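Examination of the molecular architecture
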Amino acid sequence: RVTRHSIDEKDIRRKAIAIRLSKDSTPLHDRHSRREYGKGTVGKALNRTFRREKLSSSIYKKFDELDNHRPYFTYWVSAVQVIVLIASLALYGFAPFGFNRTKTTAFVQRADGTREEVSYYESDNLWVGPRQDDLIRVGAMFTPCMRSDTEILQAIFADRQEENKTGCCISLDKSGCVQKSRLQCSETFSSFHKWSLAYPSATGRTSGPVCGEDPRTCIVPASVAPFQWPDDITRWPSCIKILSINYSRERMPHMTCRILGRPCCIGVFGKCEIVSAEYCRYKRGTYHNNASLCSQINCLESSCGLIRFLNPDIPDQFYRLWLSLFLHAGFIHLGITLVFNLIILKDFEKMAGWLRISIIYILSGIGGNMISGILLPYHPEIGPSGSNSGIIACLFVEVFQSWQILKRPGRAIAKLIIIVVILFLFGLLPYIDNFSHFGGFIFGWFLAFAILPYVSFGKWDRRRKRLQIMISLIVICGLFFMISVMLYRGQSLKCNACKYLNCIPFSDHFCKNMGQTLELP
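Residues numbered from 1 in each chain as written. Predicted model: local features only at pLDDT ≥ 70, side-chain atom pairs only at ≥ 80, totals over all residues. Heavy atoms only, no water.

Concerning the pairing of strand β6 (residues 190-193)
By the alternation rule, side chains of β6 split into S190 and F192, which are all buried, and S191 and H193, of which none is buried. Here strand β4 (residues 167-171) pairs with β6 via four bridges, running antiparallel. Bridge assignment links S171 to a residue of β6, and that residue is S190. (Buried < 20%, exposed > 50% of the residue type's maximum accessible area, 1.4 Å probe, protein only. Helix = DSSP H or I, 4+ residues; strand = E, 2+ residues; numbered from the N terminus. Pairing = 2+ DSSP bridges.)

Observations concerning the packing of helix α14 (residues 434-451) against helix α15 (residues 459-488)
One way to put it is that α14 packs onto α15 with a least axis distance of 8 Å and a crossing angle of 145°. In this structure, the crossing between α14 and α15 has a hand that is left-handed. Contacts between α14 and α15 involve I442, F443, F446, L447, F449 and A450 on the former and, on the latter, Q468, I469, S472, L473, V475, I476, L479, F480 and I483. Residues that form the contact of α14 with α15 fall into these classes: 13 nonpolar, two polar and no charged. (Axes fitted to C-alpha atoms, helices over the stretch in contact; angles between N-to-C directions. Left-handed = near helix turned anticlockwise from the far one by under 90°. Contact = heavy atoms within 4.5 Å. Nonpolar A, V, L, I, M, F, W, Y, C, P; charged D, E, K, R; others polar.)

Considerations on a positive patch on the surface
Taken together, the side chains of K459, R462, R463 and R466 present a region of like positive charge at the surface. You can see R462 is positioned in helix α15. (Patch = residues over 30% accessible without salt bridge, like charges linked within 9 Å, V, L, I, M, F, W, Y side chains within 5 Å. Areas by Shrake-Rupley, 256 points an atom, 1.4 Å probe, with all protein chains shown as cover. Salt bridge = Lys/Arg side-chain N within 4 Å of Asp/Glu carboxyl O. Lys, Arg positive; Asp, Glu negative; His and termini not counted. Charge placed at Lys NZ, Arg CZ, Asp CG, Glu CD.)

Topic: the environment of N369
Among the secondary structure elements, N369 is positioned in helix α11 (residues 331-375). When its relative accessible area of 0% is taken as the criterion, N369 is described as buried. A sequence separation of 45 residues divides N369 from S324, and the C-alpha atoms of the two residues are 8.7 Å apart. Residues in contact with N369, not counting those within four places in the same chain, are M141, R320, L321, S324, L325, E381 and S436. Within the structure, the side chain of N369 is placed 2.8 Å from the backbone oxygen of L321, a separation counted as a polar contact. (Polar contact = N/O pair within 3.5 Å; in protein donor to acceptor, adjacent residues only side chain to side chain.)

Quick look at the state of the cysteines
Using the criterion set out here, one finds eight disulfides in the structure. The partner cysteine of C169 in its disulfide is C185, sulfur to sulfur 2.0 Å. Disulfide C169-C185: the torsion about the S-S bond is 75°, which places it as right-handed. Here the residue C169 occupies a position in strand β4, and C185 occupies one in the loop between β5 (177-180) and β6, the gap between them amounting to 16 residues. What pairs with C177 in a disulfide is C257, and their sulfur atoms sit 2.0 Å apart. A torsion of 75° about the S-S bond marks the disulfide between C177 and C257 as right-handed. Here C177, found in strand β5, pairs with C257, found in the loop between β8 (241-242) and β9 (262-266); they are 80 residues apart in sequence, far enough to count as distant. For the pair shown, C177 and C257 are each scored as buried. (Disulfide = S-S within 2.5 Å.)

This is the structure in C-alpha cells:
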C-alpha cells in the first residue's frame, strides 16, 4: 500500500511538472534548484511528506507560481561576517583560549615610579577569537554604549566626588608626581599638596592642585571672565597650552614636577585609574597622555569605540542593534553560523527572496538584541543569535501554513522543536544568550506570517491567512514600540532567576557576571 501511494503521488507530480514545463520558460538550472514549498532542505532531511489525497495539479500549479530566487543575501551576509571576524582579529588579536581565566603576571612601573610584580586575570574565549573588550570596540551589542544608565551615572558621580578630594603627591627625591588622595600618598616617601579652606591657593581656591595643571598658567583654554575655571577640579578642562616660564618650586611645586601617571581607561565599563603608561598598556587600557584627571576624559566612550557620542555625557550608539549581527566571538562561532547560513538560510531565501529574508533576518536580530539588552544590560551580545532564531521560526510558520497538505504535521513540529532545543543549549555558552534567541524567535514568528509567500487552499483559508498578515503587522509594531520604551527608559528589568536560563557554570568563573548587575573592577 505504501508503495502504491508513493507511485500515485509521483504520477500526480510528474503530470503537473509536465504541464508546467510545457508552459514554463524558466532556465533548466533554476527549475531543478527550485525549493519545494512546505518541505525545503530541512523538511526533506526530517522526512516530511505530503498527504496524497490533498495533492492535485491545481495545487502544484500554485506552487509553480511562487518565484524562485537566488540566495544573494545569504552569500552577502556570510561574506561580511567572515571579513569582519578576520579584520577584528587582525586589529586586536586572540584572547586566551579556555573555559576559565588566565592569569597574567609582569614587572611594570607603577604611578609612584617604583617597579613591582603585578598580575590580573583575563577571561578566556572558548570560541577562538578576540577578547570581550575588543569585541565591544568593534560593535558588539552593549547597552551601556547605547543609552544612559542610572547605575553607571551614579558610579561616575561617586568617582568624581572622590577625585575632587585628591591633590598632587610629589616624591621627596624629586623623581616625579602623581594625582592621588591623601590616603594613597605615602608620607614616608612623598609630600602631599592639597588646597583647602584652611590653606587655600594664592587665588583663594580650595579644590586642587592638579599635577601639571593650574588655571593661572593655562593659555588655552584661559581662565578669564566670564569663562573662569570653577573651584572644582572635576570641572576643569584639559589644558592644551601653558605659559613657557620657569615656575617656582616653592610657590608652585605641582607645576615643576615630572608627571608619572595619567588617566587610563580599563575594562569594558571604562574604569578610570591614574597609572603609568606602562601599567596601562599591561592592563590593555587606553592611556590619555594629554589629560591630568579622570573627569577630563570620557572612559565609557573610549571603551565603546566606534563613532564618538554626539553628546559626551549621553551614549547613543543605537546602531549596535544591527551591527552586532555581523560579529562573532571566534572561528568556532563563525563556523556554526556559516553552516546555518548555507543550509537553512540559503534554502529559505530561494523561496522568499533576498528582500523578505533580509527583513526577517535583520528585524529578528534587532528584536532579540533589544530583549537581551533589557534583561542582560551589562552583557555584550555578539552574533546573529536572534536572526537565526527568527529563521527557525519561519520553519514553524511554514508547517502551519502547509498544515492541510502535510502528512503528520504534528510530528514535523516536534522535530523542529529539537532544533530549538539545540539553539537553547548553545545559548548556555558565553557571548551567546537565550534571551536573544527567544526575542528573535518571537519577532521571526510574526514577521514570517506577515511577509512570507504562501499558498492558500480554498477561499476560507485565503481569508484566514490575510487576517494573519494584518494581525502580525500590528503585533510587530506594538512589540517594537514596547521594548524600545523599556530599553531606552534607562532602567533595566531585574530578573534573578533568569541567569539559570542563560549559562551553566562549568567552572567557577564561567558564568561570572552574566550582565544582570553592574560589577565594576
